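# Architecture at a glance
If you want the building blocks of each chain, they are given just below.
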Amino acid sequence: MGSEHRKLNLHFVKMAGTFSVFSGIIAFASIFYILIVLKSMGLDLEMFEDTKALLQWINLNNFAYAILWVHYALMAVLMLPVPLAASQIFKQHSSRSSSMATASYLVGLSGFYLLIISSIVFFIISPLTARAFAHGTENAIFIHELFAALGMQLRLFGEFMIGLWIAGIGIHLVRSNKIDSFGWYAILFAIITSIIVIGKSFNLFDWEPLFGVALASTYIWLGVVMRQKSK
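All values derive from a computational prediction rather than experimental measurement. The residue count restarts for each chain, going from 1 along the sequence in the order it is written. Only residues with pLDDT of at least 70 are given local features in this predicted model, and only at 80 or more are side-chain atom pairs given and counted; all residues enter the totals for whole chains, interfaces and linings. Side-chain measures were taken over the full set of non-hydrogen atoms in the model, leaving aside hydrogen atoms and water.

## Section: the overall build of the protein chain
- Under the DSSP-based scheme used, a helix requires at least four consecutive residues in state H or I and a strand at least two consecutive residues in state E, with every element numbered from the N terminus. Tallying secondary structure elements over the protein chain gives nine helices and zero strands in all.
- To get the radius of gyration, use the C-alpha atoms; to get the globule rule, take the number of residues to the power 0.38 and multiply by 2.2 Å. Compactness check: the protein chain gives a C-alpha radius of gyration of 19 Å against a globular reference of 17 Å for 231 residues, within 12% of the reference.
- With respect to the three principal axes, the spread of C-alpha positions in the protein chain is 60 × 30 × 30 Å.
- Looking at the protein chain as a whole, 47% of its 231 residues qualify as buried.
- Accessible surface area values rest on a Shrake-Rupley calculation with a 1.4 Å probe, where residue burial reflects the displayed protein chains alone. Split by element, the accessible area of the protein chain, about 11800 Å² in all, is 69% carbon and sulfur.
- Residues scored as positive are Lys and Arg, those scored as negative are Asp and Glu, and His as well as the terminal groups of each chain are ignored. By convention, charge coordinates are those of NZ in Lys, CZ in Arg, CG in Asp, or CD in Glu. Within the protein chain, one finds 15 positive and 11 negative side-chain charges whose respective centroids are separated by 20 Å. Three exposure classes are used, based on accessible area relative to the maximum for each residue type with a 1.4 Å probe and protein chains only: buried under 20%, partly exposed in between, and exposed over 50%.

## Here we look at the nonpolar core
- The term nonpolar core refers to a set of buried residues drawn from Ala, Val, Leu, Ile, Met, Phe, Trp, Tyr and Cys, joined through side-chain atoms within 4.5 Å. Counting 33 residues, the largest nonpolar core has Phe-90, Phe-112, Trp-165, Ile-169, Leu-222 and Met-226 as the members making the most contacts within it.
- Sorting the residues of this core by element identifies α2 (10-40), α4 (62-79), α5 (82-89), α6 (95-134), α7 (140-176), α8 (181-201) and α9 (208-229) as the ones contributing at least two each.
- With seven residues, the single largest contributor to this core is α9.
- Among residues more than four places away in sequence, those in contact with Met-226 are Val-13, Ala-16, Gly-17, Val-82, Ala-85, Ala-86, Ile-89 and Phe-90. What makes two residues a contact is simply this: any of their non-hydrogen atoms within 4.5 Å.

## What about the packing of α2 against α9?
- Axes, fitted as lines to C-alpha atoms, cover a helix only where it is in contact. Angles between the N-to-C directions of the axes lie from 0 to 180 degrees. Two elements in contact, α2 and α9, have axes whose closest approach is 7 Å; the angle formed by their N-to-C orientations is 160 degrees. The angle between α2 and α9 places the two elements in the roughly antiparallel class. Note on packing geometry: the crossing formed by α2 with α9 is left-handed.
- When grouped by side-chain class, the residues that make up the contact of α2 with α9 number 15 nonpolar, eight polar and three charged. Geometric relationships in this document are graded by angle, where less than 35 degrees denotes roughly parallel, more than 145 denotes roughly antiparallel, 65 to 115 denotes roughly perpendicular, and other angles denote oblique. Crossing handedness is defined as follows: a turn of the near helix away from the far one that is anticlockwise and smaller than a right angle gives a left-handed crossing, while the clockwise case is right-handed. When residues are sorted by character, Ala, Val, Leu, Ile, Met, Phe, Trp, Tyr, Cys and Pro go into the nonpolar class, Asp, Glu, Lys and Arg into the charged class, and all the rest, Gly among them, into the polar class.

## A word on the packing of α2 against α5
- In contact at an axis separation of 9 Å, α2 and α5 are set at 130 degrees when each is read in the N-to-C sense. In terms of orientation, α2 and α5 fall into the oblique class. At the point where α2 passes α5, the crossing takes the left-handed sense. Contacts between α2 and α5 pair Phe-12, Val-13, Ala-16 and Ser-20 from the former with Val-82, Leu-84, Ala-85, Gln-88 and Ile-89 from the latter.
- Class assignment of the residues belonging to the contact of α2 with α5 gives a composition of seven nonpolar, two polar and no charged.

## Describing the pattern of salt bridges
- The term salt bridge refers to a pairing of a side-chain nitrogen on Lys or Arg with a carboxyl oxygen on Asp or Glu at a separation within 4 Å. Scanning all chains against the criterion turns up three salt bridges.
- Close ionic contact of Asp-44 with Lys-39 constitutes a salt bridge, the shortest N to O distance being 3.1 Å.
- Between Asp-206 and Lys-200 there is a salt bridge, and its shortest N-O distance comes to 3.0 Å.
- According to the relative accessible area criterion, Asp-206 is partly exposed, its value standing at 41%.

Structure, rendered in structure tokens:
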């Protein structure tokens with residue numbers, strides 16, 4: 001495994017950096033889609049706390065709601081090559097650094113897989129429960145809330161793991177260069193991610209909309225850094 005990570009494929013790193021930038025752009029597009037497009041169709045963020053109103057809206061706007069989760073899934077799919085590419089450049093050439101890079105790569109990759117699974121859960125379950133609710137099916141609300149809670153926790157844990165992966169990148173960069181701006185940002189991002197995930201998981205507060213902006217910015221900045229280091 002160590003010898004595998006010591007092989008630096010500059011073309012692969014550059015491609016992964018490009019994917020990271022595109023993923024960040026899609027993340028910004030999803031924010032625009034929620035706040036502008038879906039809002040113009042009658043969806044308010046408060047409706048996510050009102051299951052009845054949300055299911056009624058989904059039943060009337062099934063395709064538009066599905067597109068939202070396609071955004072999230074596509075964003076995560078584009079990021080799948082990035083942890084491996086990052087592990088090739090954000091490390092030193094010692095066996096210890098190679099092992100840490102491998103661990104960080106696996107944590108980040110697992111996080112993106114969880115985001116994909118979460119998107120699939122919402123994509124499949126929400127239209128079904130909305131249709132069942134419209135037809136007066138008993139327990140439709142309970143079933144929706146059950147799977148919504150599952151999908152949310154999968155997404156939050158995936159974001160937490162991504163935060164750990166970004167923190168690993170930041171720690172390496174700061175150790176290599178004490179004034180590396182992205183390195184310090186990555187560490188701060190990981191701390192903020194942990195706070196937001198814990199707050200959302202325990203219903204203490206909900207800062208996810210702001211987190212979405214930070215996540216999109218992080219993907220774009222990371223992609224630019226990776227492309228610069230692949231030259």
